[in-house]
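The lines below spell out each chain.
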Amino acid sequence: MNPFEIYQEKLHTPEEAVHLVQSGDWVDYSQTCSFPAALDAALAARRDELTDVKVRHAISMRPVQIVEQDPQRQAFTYNLWHCSGLDRKYIDTGRAFFSPMMFRFCGSYYSRGQAPVNVAMVTVSPMDRYGNFSYGLTNCCMQEMLDAADRIILEVNPHMPFIYGMADDHINIRDVDAVVENDQPLSEAPSRGASELDKQIAAQIFPFIHDGDTLQLGIGGMPNALGSLIAGSDLRDLGMHTELMSDGYLDLYKAGKITNKRKTLQKGKGVFSICSGSKELYEFLDHNIDILSAPMHYVNDPETIRQLDHFVSINGCIACDLYGQVSSESAGTRQISGTGGQLDFVTGAYTAEHGRTFLAMASSRVDKKGVRHSNIVPCFTGGDIITTPRAQTMYIVTEYGAVNLAGLTTWQRAEKLIGIAHPDFRDELIKAAEQQKIWRNSNKK
Ligand SMILES: CC(=O)SCCNC(=O)CCNC(=O)[C@H](O)C(C)(C)COP(=O)(O)OP(=O)(O)OC[C@H]1O[C@@H](n2cnc3c(N)ncnc32)[C@H](O)[C@@H]1OP(=O)(O)O
Ligand SMILES: CCCC(=O)O
């Protein structure tokens, strides 16, 4: 049989295909904007006949039907490698659970059998004449997940771009159990837009970026603000090597700032592992020979990043203590985001020749009652999850400046961090530093 005949034989409605799921199964959805929406809806419709089905996903961009249709969690348990704003709400209300992880190891959790997969449901681009489907926006740890799966269902979506990959970028019709079709537009990831504060923070990082640097821009308003700043600057011949491709990079490509000409690995090509952004970004990536997707075990590997001279990693964080420990994924015990690729890139970027890593946040925040709190705290006491340990922190950035902590003593760290804290809190931070015995009498007051 030729691939098209096999396709027809395996083609089912979503309602038929989800009968491959049995009670007790682990089901994996392809992540973020590759969410298999038709299969999710069909699986949710089986809530009265299934029990103990565990679903894994990361970063829900639209309401997840197995959660919405089963609020009491009688049939389904939803588990997340990483969180969106919607996922925060699910976790806050006990409707989802977080799985701690690092993205460079994500594939290993599958291949080592720690994360069993009975049924994989993944969104792919339409089949070519060889019977192949591109993984499109999500390379990530797709291959390891599919290799671990007992049964595979593809959700073919004509909006999914075909993306060239360095490796592990497609699946063949012969290797799947069922195919369904869905022509709903893919989820988009609207940026929350850059605030004035994001722009001020971005302006503190901008002077550290030079012609020929290879950039990794993380998630949040600030990386997008920095992208806009660079797009309007005289900088040239930048490179892209990033776990996450977002609209910030589209702006840089459109402004001609990214040429990848000076990259010391994959010269001439931009490299990413997962993409979430706008329809315009997805269209830009479709059959774009200048850009390659690759698995996270490669993209996020510090050894890969080490080979990219002049590498600059820029990510957001939530709070930092006077020792330089950084919490980027929780506020107290409240899960906000995920470790994602932050620690992978902080680790790798430092080891690259002329490598630099920046973790950025607003110096303070105002709560719902109008009370201002410092995001630089004496020490973490409220259950905050440490995403980047103090021994690996390099530049910490607020709207008041950027300080390089690498190699500094505790008293030097305290002095530098208090120097970029919100002015309202500097005195009390000094007192705390004194109590914590990390303040020298001769430190600047
Ligand atoms: C490696 C790559 O290529 S990609 C990326 C690497 N990954 C990471 O760096 C992961 C960790 N970092 C992140 O997820 C992000 O940068 C963040 C969450 C730190 C900041 O992202 P932003 O979109 O700018 O966050 P934003 O300011 O909108 O806040 C997000 C939420 O956190 C809450 N929050 C943020 N800071 C705080 C704080 N200090 N205290 C309490 N809550 C806070 C906000 O209230 C908001 O919650 P809500 O949506 O329920 O209201
Ligand atoms: C898409 C996930 C981004 C991250 O690594 O945090």
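As a reminder, the structure under discussion sits directly above these lines.
Cut-off values and rules
- Residues numbered from 1 in each chain as written.
- Chains lettered and ligands numbered in written order.
- Predicted model: local features only at pLDDT ≥ 70, side-chain atom pairs only at ≥ 80, totals over all residues.
- Heavy atoms only, no water.
- Pairing = 2+ DSSP bridges.
- Helix = DSSP H or I, 4+ residues; strand = E, 2+ residues; numbered from the N terminus.
- Contact = heavy atoms within 4.5 Å.
- Axes fitted to C-alpha atoms, helices over the stretch in contact; angles between N-to-C directions.
- Near = heavy atom within 4 Å.
- Polar contact = N/O pair within 3.5 Å; in protein donor to acceptor, adjacent residues only side chain to side chain.
- Areas by Shrake-Rupley, 256 points an atom, 1.4 Å probe, with all protein chains shown as cover.
- Nonpolar A, V, L, I, M, F, W, Y, C, P; charged D, E, K, R; others polar.
- Domains from an automatic or database assignment.
- Salt bridge = Lys/Arg side-chain N within 4 Å of Asp/Glu carboxyl O.
- Buried < 20%, exposed > 50% of the residue type's maximum accessible area, 1.4 Å probe, protein only.
- Phe/Tyr/Trp six-rings, centres within 6.5 Å; stacked < 30°, edge-to-face > 60°.
- Lys NZ or Arg CZ within 6 Å of the ring centre and 35° of its normal.

Enquirer: Lay out the sheet that holds strand 11 (residues 239–240) in plain terms, naming residues and giving numbers.
Expert: In spatial order, the strands read 11-10-16-21-25-26; together these six strands make up an open sheet with mixed pairing. Every interior strand has two partners, whereas the edge strands, strand 11 and strand 26 (401–404), have only one. Bridging between strand 10 (residues 214–217) and strand 16 (residues 311–316) involves four bridges; their strand directions are parallel. Bridge pairing in strand 16 places L217 opposite I314. Its contacts with the sheet place helix 9 (residues 221–231) against strand 10, strand 16 and strand 21 (356–360), and it is angled at close to 145 degrees to strand 10.

Enquirer: If you had to explain the site of ligand 2 to someone new, which residues and values would you point to?
Expert: Contacts to ligand 2 come from I59, H82, F103, I219, E243, L244, I274, G340 and G341. G341 is positioned such that a nitrogen or oxygen atom in its backbone is 2.7 Å from an oxygen atom of ligand 2. Burial of ligand 2 by the protein amounts to 90% of the accessible area it has alone, namely 230 Å². For the shell around ligand 2, the per-class residue count stands at five nonpolar, three polar and one charged. Each of domain 1 (3–181) and domain 2 (196–435) accounts for three or more of the residues forming the shell around ligand 2.

Enquirer: Explain the pattern of salt bridges to me, and be specific about the residues and the numbers.
Expert: Counting across every chain of the model gives 11 salt bridges. The salt bridge partner of D213 is R356, with a shortest N-O separation of 3.0 Å. Within this pair, whereas D213 is found in the loop between helix 8 (196–205) and strand 10, its partner R356 is found in strand 21, the two being separated by 143 residues in sequence. There is no split in this pair, since D213 and R356 are both buried.

Enquirer: Please set out the side chain of D28 residue by residue, giving values where relevant.
Expert: Positionally, D28 belongs in strand 1 (residues 26–29). Take D28: its relative accessible area is 1%, and that puts it in the buried class. Looking at D28, its side chain comes within polar contact range of the side chain of Y110, at 2.6 Å. When residues no more than four places from it in sequence are discounted, the contact partners of D28 are R56, Y110, P116, V117, V119, A120, M121 and M145.

Enquirer: Provide a residue-level description of the packing of aromatic side chains, including the pertinent values.
Expert: A complete count under the given rule lists 11 aromatic pairs for this structure. Ring geometry for F162 and Y164: centres 5.1 Å apart, planes at 80 degrees, overall edge-to-face. By relative accessible area, F162 is classed as partly exposed at 26%. According to the relative accessible area criterion, Y164 is partly exposed, its value standing at 30%. Among the aromatic side chains, those forming a connected cluster through ring pairs are W81, Y109 and Y110. One cation-aromatic arrangement involves R426 over Y400; the distance from NZ or CZ to the ring centre is 5.4 Å. Sitting above the plane of the W411 ring, R440 keeps its charged end 3.7 Å from the centroid.

Enquirer: Residues and numbers for the site of ligand 1, please.
Expert: In the neighbourhood of ligand 1, 25 residues make up the surrounding shell, with R88, R192, R334, S337 and Q342 lying closest. For ligand 1, an oxygen atom lies 3.2 Å from a polar atom in the backbone of E243. Within the backbone of I318, a nitrogen or oxygen atom sits 3.4 Å from a nitrogen atom of ligand 1. Among the residues making up the shell around ligand 1, the classes are represented as seven nonpolar, 13 polar and five charged.

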